[in-house]
Each structure stands twice: as C-alpha cells, then as structure tokens.
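Here's the letter readout for the chains.
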Amino acid sequence: MPKWARILIALCVVLLLSFAYLWFFGFQTLILLEARYLMRKTPAASMAPAQLADLSISRFPGKKLSYFGYEFEVPWNDVDESKSGLIPDSNKAMIVFQSGNYLSAWHGSPRAFLNTVLSNDKVDQNTLRRIVGDEALQSDYALYRTILQMTPDKMTPFESQRDAANQALLLLVKGICMPTGADSGVFAVSAGEFSGFQFGRPGNPSGQVSVRLFSASSSLNFIFYQKAGGPTVISQSDINRILQTLHGAIPNPSQSPSTR
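For every chain, the first residue of the written sequence is number 1, and numbering continues from 1 along that sequence. For this predicted model, a pLDDT threshold of at least 70 governs which residues receive local features, and a threshold of 80 or more governs which side-chain atom pairs are given and counted, while totals over whole chains, interfaces and linings are taken from all residues. Think of the side-chain values as coming from all heavy atoms in the structure, minus any hydrogens and water.

*Asks:* What should I look at first to understand the overall build of the protein chain in this one?
*Replies:* A helix here means a DSSP run of H or I that spans at least four residues, while a strand means a run of E at least two residues long, and both kinds are numbered starting from the N terminus. Per the secondary structure count, the protein chain includes six helices and 11 strands. Long-range contacts, defined here as pairs at least 24 residues apart, represent 58% of the contacts in the protein chain between residues at least 6 apart. Residue burial considers only the protein chains on display, and all accessible areas are found by Shrake-Rupley using a 1.4 Å probe. Carbon and sulfur atoms make up 59% of the accessible area of the protein chain, which amounts to about 14300 Å² in all. Contacts were defined at the residue level, with two residues in contact if any of their heavy atoms lie within 4.5 Å.

Structure below.
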C-alpha cells in the first residue's frame, strides 16, 4: 500500500475518533473546561473541607457574652460596650473591640438556607433533589456539606451529560456560597451541639474569617474581622476558644440580654 494511502487512512481514523469523542463526550468536556476556569477565578471552590490542624484554645483573659440564647467566651477583654450589642430589628449582633477588631454574630433558623433556596422560583425542587439527593435536603448542614464536598477533580468527561451538568451547577453554587477569605482554606468544625465549617485561615489577606454553624434547632454565623496593622492579632486558638465555649444560655432576668 502506498505511503500516501496509509497516511490518508490514519487521518480518516483520527477524524472519525475525534468526531465520536465530540459526539459522546463533547458536552461533558466543555463543562469540565468551564469548571476549571471557574476554579481559577474562585480557588476556594476547588477545596473540600479539611480538618483543622490547630486545635489549641486561647487561655488569655477574656469576656463571656450572651446572644440569641447562647453563651460563648471571647479571648479579649477590651470590648467597646458603647459600640457593641444587638442591631435593632435584625438577627445580628456586633461586638467591637478597642483594638479595632470586631466580631459579628448572625442567628437564623435551622433551615434558613434551605428555605431560601426552595423559595426561589427559579429552583425546581424535584431538580434540586435529583442533583443533591434526599439526604442533603434534610438540613442546612447536610446541604452545605454536599455542596462543599463537590470539587472539580470529581468530574470526568466520560460521565453522562446529566451528571456533568449537575456537578457543574453544584460548583457554581459553591462558588457563590464562598465568603471573603475562603481562598485560604475551608475546614470542618464543631461547637457543642453545632456542626459546621470555617472559611479562611486567620491572617489571610482579606482579614476576614467566617464560621457557619448548624444544629437541629438553630444556625449561627460568626464573622471575624482583623484590623490591618492592629495591635491584636486574631489566631486560630482565639476562634477555637469561642467555638469550644459555645453553649445554650440559661435565661436570667437580672442580666443584660446581650452581654454578661
């Protein structure tokens, strides 16, 4: 067989294989490439929650606070009482420190995130259930965990088009859910009756670390703000102090509803 004929046959085989690949896996490959592009724009979306390496707890003198029926200790005793407290007509409290740092605390229902998602007219409940599964729709924590565990390395061009589209949607939602500072790390945490996730490492360039907690009866969101160049540096052991001392408060009419 002449050499040119062998080259022509080989070229035809390559073209046929390429066409077959695009026919069966072209959509999935495109979805995968778009997911990788999203990861470059939002690196935190490529991270699955890791375990915290630093479990130490700060022992510095601090202050016990009480908000939304829960008590916890902050490892700083310079709370600016004139600027701290519950924000009227909201489910948010702001704790301001004389160092320039501050901590916000948000309180919500145990299904606040789920209710928000399911109340969106653009989200079909049956489609959402097919994507995340029945277990993920049992609680905010389960849904967050399902979303956060989705990473691009779980995607492959050789899966079904429906699976590829579902995974891409989860990654898109994950990118939207990531708060400021999350690019420095995402971690699984616990605090008494709560389980949740920490977004960001202390000292990250944004100066912000978020902790979202979920229980069967409530949800809490702590956001730590580090003043750039301030005298007090927020450490992981400081965050751990708050998480490990968090518990339900026993109401006492003689005490302030915001601090103790």
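*Asks:* In this structure, what is going on with the pattern of salt bridges? I would like to understand it.
*Replies:* Side-chain pairs of opposite charge can arise whenever the charged atoms involved come near each other. Any Lys or Arg side-chain nitrogen found within 4 Å of a carboxyl oxygen on Asp or Glu counts as a salt bridge. Per the counting criterion, the structure on display carries three salt bridges. Across the pair Glu-73 and Arg-241 runs a salt bridge, and its minimum N-O distance is 3.0 Å. Separated by 168 residues along the polypeptide, Glu-73 in strand β3 (residues 70-74) and Arg-241 in helix α6 (residues 236-245) bring together distant segments of the chain. Accessible area is worked out with a 1.4 Å probe on protein chains only. A residue is then buried under 20% of its type maximum, exposed over 50%, and partly exposed in between. With relative accessibility at 27%, the residue Glu-73 sits in the partly exposed group. Take Arg-241: its relative accessible area is 9%, and that puts it in the buried class. A salt bridge links Glu-135 to Arg-145; its shortest N-O distance comes to 3.5 Å.

*Asks:* Explanation requested: a nonpolar patch on the surface in the structure shown.
*Replies:* What goes into a patch is any residue over 30% in relative accessible area without a salt bridge, connected to like charges within 9 Å or, for nonpolar side chains (Val, Leu, Ile, Met, Phe, Trp, Tyr), within 5 Å. Residues Leu-169, Leu-172 and Ile-176 make up a contiguous nonpolar surface patch of about 300 Å² in total accessible area. With respect to the helices and strands, Leu-172 occurs in helix α5 (residues 161-177). Judged by its relative accessible area of 43%, Leu-172 falls in the partly exposed class.

*Asks:* Mind showing me how you'd approach the side chain of Ser-210 here?
*Replies:* Locating Ser-210 in the fold gives a position in strand β9 (residues 208-214). On the basis of relative accessibility, which here comes to 2%, the residue Ser-210 falls in the buried class. In contact with Ser-210, not counting residues within four places along its chain, are Pro-179, Phe-197, Gln-198, Phe-199, Asn-221, Phe-222 and Ile-223.

*Asks:* In this structure, what is going on with the sheet that holds strand β11 (residues 247-248)? I would like to understand it.
*Replies:* Strand-to-strand pairing in sheets goes through backbone hydrogen bonds, with the strands running parallel or antiparallel. When DSSP locates at least two bridges between a pair of strands, those strands are taken to pair. Pairing in this open sheet of three strands is antiparallel, and the strands run β2-β3-β11 from one edge to the other. Each edge of the sheet is formed by a strand with only one pairing partner; in this case those strands are β2 (63-67) and β11. Relative to β11, β3 runs antiparallel, the two being bridged by two bridges. Residue pairing in the sheet places Glu-71 in a bridge with His-247 of β11. Geometry is summarised by axes, namely lines fitted to C-alpha atoms with helices restricted to the contacting stretch, and by angles between N-to-C directions that run from 0 to 180 degrees. Across the sheet, α6 is in contact with β3 and β11; its angle to β3 comes to roughly 155 degrees.

*Asks:* Just to check I follow, could you spell out helix α3 (residues 125-132) for this structure?
*Replies:* Structurally, the α-helix is built with 3.6 residues per turn, so residues lying three or four positions apart point the same way. All buried positions along α3 are accounted for by Leu-128, Ile-131 and Val-132. Here the buried residues of α3 occupy an arc of 80 degrees about the axis, which is enough to place them on one side. Just downstream of α3, Gly-133 is the residue with a positive phi angle, here 90 degrees. Here the arc refers to the set of directions running from the helix axis out to each C-beta atom.

*Asks:* Honestly, unusual backbone geometry in this entry has me stumped. Any pointers?
*Replies:* When glycine is set aside, most residues are seen to have a negative phi, and most peptide bonds are trans. Although it is not a glycine, Phe-68 sits at a positive phi angle of roughly 60 degrees. Phe-68 gets classed as partly exposed once you look at its relative accessible area, which sits at 24%. Unusually for a residue other than glycine, Asp-89 sits at a positive phi of about 55 degrees. For Asp-89, the location among the structural elements is in the loop between β4 (85-86) and β5 (92-96).

*Asks:* Where do I start with α6 in this structure?
*Replies:* Summarising burial for α6: nine of the 10 residues are buried, a large majority. Turning to α6, its buried residues are Gln-236, Ser-237, Asp-238, Ile-239, Asn-240, Arg-241, Ile-242, Leu-243 and Thr-245.

*Asks:* Help me understand the pairing of β2, please; the structure alone is not making it clear to me.
*Replies:* Working note: regular strand, side chains alternate between the two faces of the sheet. As paired strands, β2 and β3 are joined by five bridges and run antiparallel to one another. Bridging from a neighbouring strand, Leu-65 pairs with Phe-72 of β3. In textbook terms, the turn of a hairpin is the stretch between consecutive antiparallel strands, and for β2 and β3 this stretch comprises two residues, one of which, Phe-68, has a positive phi near 60 degrees.

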